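# Structural features, examined
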Amino acid sequence: ILSHVTDAAGFSNRDDHASSSLVTMVRAPLLLLFFIHSASSAGKFRRSALSASLFPLPSAPSAFALPLSLSPRTIQSLCSQHVNVEAPPTVETPTVASEAPPRQRSGFISGPSEPAPDYSKIHGPLGPVADEIFLRVFRSRFARRLGCDSALPQNDYTGLMELTSALNARYSDRLEVRRAAREILISLFPSWLPALFPILFAKPFPVFSARMNAWATWVAGTWLMGECEVVDCDVDGGGTGEAQGLLVKRCRFLEESGCASVCVNACKVPTQEFFIQNMGLPLTMEPDYETGECMFSFGLTPSAAMEAEAEAVPCLARCPSAGGMKAWHDGTDGLDEVQCQSMGVVGEEIDSSKE
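Keep in mind the model is a prediction, meaning the values are calculated, not measured.

### Overview of the overall build of the protein chain
A count of helical and extended segments in the protein chain gives 14 helices and 4 strands. Burial status across the protein chain gives 37% buried among its 355 residues. In the protein chain, once contacts between residues fewer than 6 apart in sequence are set aside, the share between residues at least 24 apart is 64%. When the accessible surface of the protein chain is split by element, carbon and sulfur atoms take 59% of a total near 21,100 Å².

Right, here's the structure in full:
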């Protein structure tokens, strides 16, 4: 075989050194071919259909010449194609993503660390039926004042929050938001009551009026604010008013809105103004944005310092507008006027005859 290959290559036997070199060069691939053929015959080496067509074993010259005609890139691509070779299964170790704490925005209030309660299970002392009536009445007055309503059912609290968002987004002037919210509160009562309450109750019986309003807010406001408790509070003159306060343990309105600007301009300030100017009864509301609590102190006049602090409070870290609503009310944001764009009824007046 070796002499045949040397003759075919055109070498002369006169140069022993050249012949010996050729024999050495040819011997290695032939021996490798012999071992591969022997292993194949014994069934210990399985060749794929692709490798069988590329590397036929019947004749030594073809097996010897083919590797010399392949480029290194071609050989590398062929080496990766072993169709029938069964490799042991690879066990992949699952990687668990590290649960990093959520990033807090700089200059924002982090808010409560505990999860919010299930407000659907919290009801006032009159029960869920009365709470639903209060919700429906409040929302109908809200929609009438705004001129549009949410497409959600009338007993859906989320629909009320959509109206609240639309109110705050409509007016860039916080004074307009407060005025509208106060008008909504006035519309909840008979027209004669705000005018007569100071004369009949607030001025002649201030302590009784404060306790009565704390109790009435607990009865008629639990559906709006969540769990409440009548407590003692500070009053004008530096004393303590027994049962003249109402502690909201985790305000639902603040929880659902997630915005301090909405809390101040659509709830705190207009409610205080309603009781002071329309009912003749001092009221100070002190929301705690770190815990979600809110303290109603009937008989305590809000100080200018407290009101300035409330207006300057930063927004919550989870605020859906990322502080944009506060900037909008402060006049530092160039947003356009928004009017009920997310509502089922846009710009359509509410027909009071349908209520």
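Next comes the rest of the description.
### Section: the environment of Gly245
Looking at where Gly245 falls in the secondary structure, it is placed in strand β2 (residues 240–248). On a C-alpha basis, the gap between Gly245 and Asn213 in space is 9.1 Å, while along the polypeptide they are 32 residues apart. Sequence-distant contacts of Gly245, that is, excluding residues within four places in its chain, are made with Ala214, Glu229, Val230, Val231, Cys233, Met295 and Phe296.

### A short note on the packing of aromatic side chains
What describes a pair of aromatic rings is the distance from one ring centre to the other and the angle between the planes of the rings. Within the structure shown, the criterion is met by 8 aromatic pairs. Pairing Phe275 with Phe298 gives two aromatic rings, centres 5.3 Å apart and planes at 80°, and the pair type is edge-to-face. Within this pair, whereas Phe275 is found in helix α12 (residues 260–278), its partner Phe298 is found in strand β4 (residues 293–298), the two being separated by 23 residues in sequence. By the burial criterion, Phe275 is buried, and Phe298 matches it. Put simply, the rings of Phe189, Phe274, Phe275, Phe296 and Phe298 touch in pairs and so form one group of aromatic residues. We note Arg252 situated over the ring of Tyr157; from NZ or CZ to the ring centre the distance is 3.7 Å.

### What to know about the sheet that holds strand β1 (residues 228–234)
With respect to topology, 4 strands assemble into an open sheet ordered β1-β2-β4-β3, the strand pairing being antiparallel. Of all strands in the sheet, those with a lone pairing partner are β1 and β3 (283–288), marking the two edges. Between one strand axis and the next, the sheet turns by 30° as a mean value, whatever way the strands run. Across 6 bridges, the pairing between β1 and β2 is antiparallel.

### Description of unusual backbone geometry
Here Ala243, not a glycine, exhibits a phi torsion of approximately 60°, which is positive. Relative to the helices and strands, Ala243 is located in strand β2.

### Here we look at the nonpolar core
Counting 54 residues, the largest nonpolar core has Leu160, Met225, Phe253, Tyr289, Phe296 and Phe298 as the members making the most contacts within it. The element best represented in this core is α12, accounting for 9 residues. Once you skip the residues sitting within four places of it in the chain, Leu160 turns out to touch Leu135, Phe138, Arg139, Phe142, Trp223 and Leu224. If you look at the next biggest cluster of nonpolar residues, it comprises 5 residues, including Val231, Cys233, Val235 and Met295.

### Topic: a nonpolar patch on the surface
A cluster of nonpolar residues, Trp192, Leu196, Ile199 and Leu200, forms a patch on the protein surface that exposes about 430 Å² of accessible area. Position of Trp192 among the secondary structure elements: in the loop between α8 (174–187) and α9 (193–202).

### Structural notes on the confidence of the model for the protein chain
Confidence in the prediction for the protein chain averages 74 pLDDT; 60% of positions are at 70 or higher. Every residue in residues 1–15 is under pLDDT 50, and counting partners more than four places away or in other chains gives 8 contacts. Scored below 50 in pLDDT, residues 334–355 makes 42 contacts in the model with residues more than four places away or belonging to other chains.

Criteria and cut-off values
- Residues numbered from 1 in each chain as written.
- Predicted model: local features only at pLDDT ≥ 70, side-chain atom pairs only at ≥ 80, totals over all residues.
- Heavy atoms only, no water.
- Helix = DSSP H or I, 4+ residues; strand = E, 2+ residues; numbered from the N terminus.
- Buried < 20%, exposed > 50% of the residue type's maximum accessible area, 1.4 Å probe, protein only.
- Contact = heavy atoms within 4.5 Å.
- Areas by Shrake-Rupley, 256 points an atom, 1.4 Å probe, with all protein chains shown as cover.
- Phe/Tyr/Trp six-rings, centres within 6.5 Å; stacked < 30°, edge-to-face > 60°.
- Lys NZ or Arg CZ within 6 Å of the ring centre and 35° of its normal.
- Pairing = 2+ DSSP bridges.
- Axes fitted to C-alpha atoms, helices over the stretch in contact; angles between N-to-C directions.
- Core = buried A, V, L, I, M, F, W, Y, C linked by side-chain atoms within 4.5 Å.
- Patch = residues over 30% accessible without salt bridge, like charges linked within 9 Å, V, L, I, M, F, W, Y side chains within 5 Å.
- Salt bridge = Lys/Arg side-chain N within 4 Å of Asp/Glu carboxyl O.
- pLDDT = per-residue confidence, 0-100.

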